[in-house]
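# An overview of the molecular structure
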Amino acid sequence: MSFQTIIPNNDRLSRISEIARGLRLNFIERDSNEISERLLKGGFNIVFLGQFKRGKSSLINAFLGESILPYGLIPVTAVVSVIRYSDERFCILKKLDGSEERIQLGDIYLYATQEENPDNIKNIAYLDIRLPNEYLRRGLFIVDTPGISSVFESNTMVTKGFIQNIDTAVIVLGTDPPVSYDELQIIRQIKDRVKELIFVINKVDKENAESINTIKKFTADVLKKEIGDENPVIYCLSSKDRLEGRITFDWEKFNHKIENMLNNKAEIISVSYKNALKRLSEQLVYEIDRYISVLKKPLDETKNQAEVLLNFRKESEIFLRELGYRFQAEQDRISQLIDIEQKKFIESRRAEIDEEFENLFKSFMQKPSSGREYYYNQMHSIAEKYVFMCINEIKSNSSRLYSEFMERYAYELKKLIGRIEGIVNLDSFTELIAGIDTSMCSKSDFYFHHFMRYTSSSPLNLLINLFLPARSRLTRMKGELKDYLDWLIYANCSRYNGDINQRIIESRRKIEADFRKMITDIVERTNEAINYAESVVREGEGKVDSEVKKLLALKDEVSGFIPDSVSGSEA
């Protein structure tokens, strides 16, 4: 099937590429060519996104049926990997300088992992992996990304920079926490731009059925509340089981979903084309405006501006690093205060908790033949009651501490940004600071965890219990049950403290990363505009005037490419 018939005005992407090449806007030219080649040949990408340790790489391996991508317990993936069809098995290193190098699949780990390529010091743009796989032969491009909100900031920025080229996405979530702040931000960014959005909870083999249902319901409630998805389809999967040859949980349903996407890819490709055309056209118009602005003012003024910006970027890194040390101490203080409040609450309710446990245990003695798991499950209602009582009691103080923290942080950033007022148009920076939410997020990553996998008895106790009457077995369990109840309350209260801690870390890191990216983009684009203007100015004043007229005409032409509307996700 020729997909030129379902993509209207398919020459527009090539025209964008031609204009970008003439203006030496290599990043727009490269994007336009790659997207055009993929879509016009009937291919679309499915990008796996999620925070680090979600198991994105292992999930892709499980889907492909073989271990191609490296994975592990720590954040592993350092660069983007694109997996596409070929009769042969190999990998091409696409480097940031534009060069390429062919390697064996067994050497992928030398470039794809954080351990072998920390913060991408080997300057890899992405890995182009080729495999003879039936899904890939039918036009599927699988994309593995570094973790959103990884402890390595470069991972987060690489992933966020790549999402603009998404055709479809698999959001890989987990069990603790099920949905992170950064994951919700990514979902919000892409949900209206893609035809298909798939949600997966990975590693569910580590949980029992009750926990899986709790996690799935919690995830669905968050997606409904935060992104307006009334009935999200969520697949519970185990990469481990699939790689070991077992088709468990929702693997058959997940595979069926991918099959449906391949059978109906014309709709996906049409939406992706319109999104790409809109994005690239708007980018090109923005860059043309920048070139016009530079040509209309003295070149020395622009050069001075670029030098000041470059110096500011260096100074701001030092400032942000020092600010980070100060706020780490403040963050630790908040965590300690919340921990103290939680312990005070638990102690104040100790008598009530003990009384409820004793009453519940008396009811157990009336039916001593129930299974061990039943008795442990009965602890959940008591523990959950007091955990949420604790959270409700300390929530207002937690919100106040969080708000004070973010207000001080925003104040420091505003002072930093104030130093470059008058150098460049600061709309983007002003919007960044104005958008800082200094109140506690309405969303919480916290949910009550049962930790049932930690309740198994020792082999010796199991053997002893075989020879005891039911009531005696239950009496021997009493201490274990009470210890489990106390630990369950303490562990979940500590998880709430960790949730607040993580929210502070994610908020601060996101603001800093956005700030750095804006500064870097402005410096790079300003230098590109200076190089362009210098080549024009050398040819005289007449050339400058004619070039401005040409740029205005190009701007009008490209503005006409922008679609009126783009249909979005129907996840």
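The structure under discussion appears in the preceding block.
Every value quoted in this text rests on a predicted model; they were computed, and no experiment measured them.

This part takes up the side chain of Asn-397. Among the secondary structure elements, Asn-397 is positioned in helix 14 (residues 372-418). With relative accessibility at 19%, the residue Asn-397 sits in the buried group. There is a polar contact of 2.4 Å between the side chain of Asn-397 and the side chain of Arg-400.

With that settled, the discussion passes to the nonpolar core. Counting 75 residues, the largest nonpolar core has Leu-127, Ile-129, Ile-142, Phe-254 and Ile-258 as the members making the most contacts within it. Leave out the neighbours within four places in its chain, and Ile-142 touches Ile-46, Phe-48, Ile-60, Phe-63, Leu-64, Ser-81, Val-82, Ile-83 and Leu-136. With 52 residues, the next largest nonpolar core counts Phe-327, Ile-334, Leu-360 and Ile-391 among its residues.

It is worth spelling out the pattern of salt bridges at this point. Applying the stated criterion to the full structure yields 39 salt bridges. The shortest N-O distance in the salt bridge between Arg-102 and Glu-88 comes to 3.2 Å. Linking Arg-102 in strand 4 (residues 100-103) with Glu-88 in the loop between strand 2 (81-85) and strand 3 (90-95), this pair joins segments that are 14 residues apart in sequence. What you see here is one network of salt bridges that share partners, running through Glu-347, Arg-350, Asp-354, Lys-482 and Asp-486.

Between its terminal C-alpha atoms helix 8 (residues 209-227) stretches 27 Å, which fits the 27 Å expected from 19 residues at 1.5 Å a residue. Buried within helix 8 are the following residues: Ser-211, Ile-212, Ile-215, Phe-218, Thr-219, Val-222, Leu-223, Glu-226 and Ile-227. Seen along its axis, helix 8 keeps its buried residues to an arc of 135 degrees; they face one direction. Structural note: helix 8 exposes Ala-209, Asn-213, Lys-217 and Lys-225 on the side pointing more than 90 degrees away from its buried face.

At 3.6 residues per turn, the α-helix brings residues three or four places apart onto the same side. Here helix 1 (residues 11-22) contains twelve residues, and its C-alpha end-to-end distance of 17 Å stays within 8% of the 16 Å for a straight helix at 1.5 Å per residue. If you check which residues of helix 1 are buried, you get Leu-13, Ile-16, Ser-17, Ile-19 and Ala-20. Along the axis of helix 1, the buried residues cluster in a sector spanning 165 degrees; they form a single face. Buried positions along helix 1 lie against helix 2 (26-40), helix 11 (265-296) and helix 18 (541-559). Within two residues after helix 1, Arg-24 carries a phi angle of roughly 60 degrees, on the positive side.

On to the pairing of strand 3. Each regular strand shows side chains that alternate between the opposite faces of the sheet. Burial of strand 3 is extensive: five of the six residues sit out of reach of the surface. Pairing of strand 3 with strand 5 (residues 124-131), which is carried by six bridges, proceeds in the antiparallel orientation. What sits directly across from Lys-95, in strand 5, is Ile-124. Alignment of strand 3 against strand 4, held across four bridges, turns out to be antiparallel. Bridge pairing in strand 4 links Leu-93 to Glu-101. Where strand 3 folds back onto strand 4 in an antiparallel hairpin, the turn is made up of four residues, including Gly-98, whose phi is positive at roughly 95 degrees.

The next thing to look at is the side chain of Thr-113. Here Thr-113 lies in the loop between helix 4 (109-112) and strand 5. Residue Thr-113 is classed as buried on the basis of its relative accessible area, which comes to 7%. Among the polar contacts made by the side chain of Thr-113, one reaches the main-chain carbonyl oxygen of Tyr-109 at a distance of 2.7 Å.

Where helix 11 contacts helix 18, the two axes come as close as 10 Å, and the packing angle between them is 160 degrees. The angle between helix 11 and helix 18 places the two elements in the roughly antiparallel class. Along this stretch, helix 11 crosses helix 18, giving a crossing that reads as left-handed. Residues Ser-281, Leu-284, Val-285, Ile-288, Asp-289, Tyr-291, Ile-292, Leu-295 and Lys-296 of helix 11 lie in contact with helix 18, whose contacting residues are Val-544, Glu-547, Val-548, Leu-551, Leu-552, Leu-554, Lys-555, Val-558 and Ser-559. Residues that form the contact of helix 11 with helix 18 fall into these classes: twelve nonpolar, two polar and four charged.

Cut-off values and rules
- Residues numbered from 1 in each chain as written.
- Predicted model: local features only at pLDDT ≥ 70, side-chain atom pairs only at ≥ 80, totals over all residues.
- Heavy atoms only, no water.
- Helix = DSSP H or I, 4+ residues; strand = E, 2+ residues; numbered from the N terminus.
- Buried < 20%, exposed > 50% of the residue type's maximum accessible area, 1.4 Å probe, protein only.
- Polar contact = N/O pair within 3.5 Å; in protein donor to acceptor, adjacent residues only side chain to side chain.
- Core = buried A, V, L, I, M, F, W, Y, C linked by side-chain atoms within 4.5 Å.
- Contact = heavy atoms within 4.5 Å.
- Salt bridge = Lys/Arg side-chain N within 4 Å of Asp/Glu carboxyl O.
- Expected span 1.5 Å × (residues − 1).
- Arc of directions from axis to C-beta.
- Pairing = 2+ DSSP bridges.
- Axes fitted to C-alpha atoms, helices over the stretch in contact; angles between N-to-C directions.
- Parallel < 35°, antiparallel > 145°, perpendicular 65-115°, else oblique.
- Left-handed = near helix turned anticlockwise from the far one by under 90°.
- Nonpolar A, V, L, I, M, F, W, Y, C, P; charged D, E, K, R; others polar.

Without other data, these values stay purely geometric and don't point to any function.
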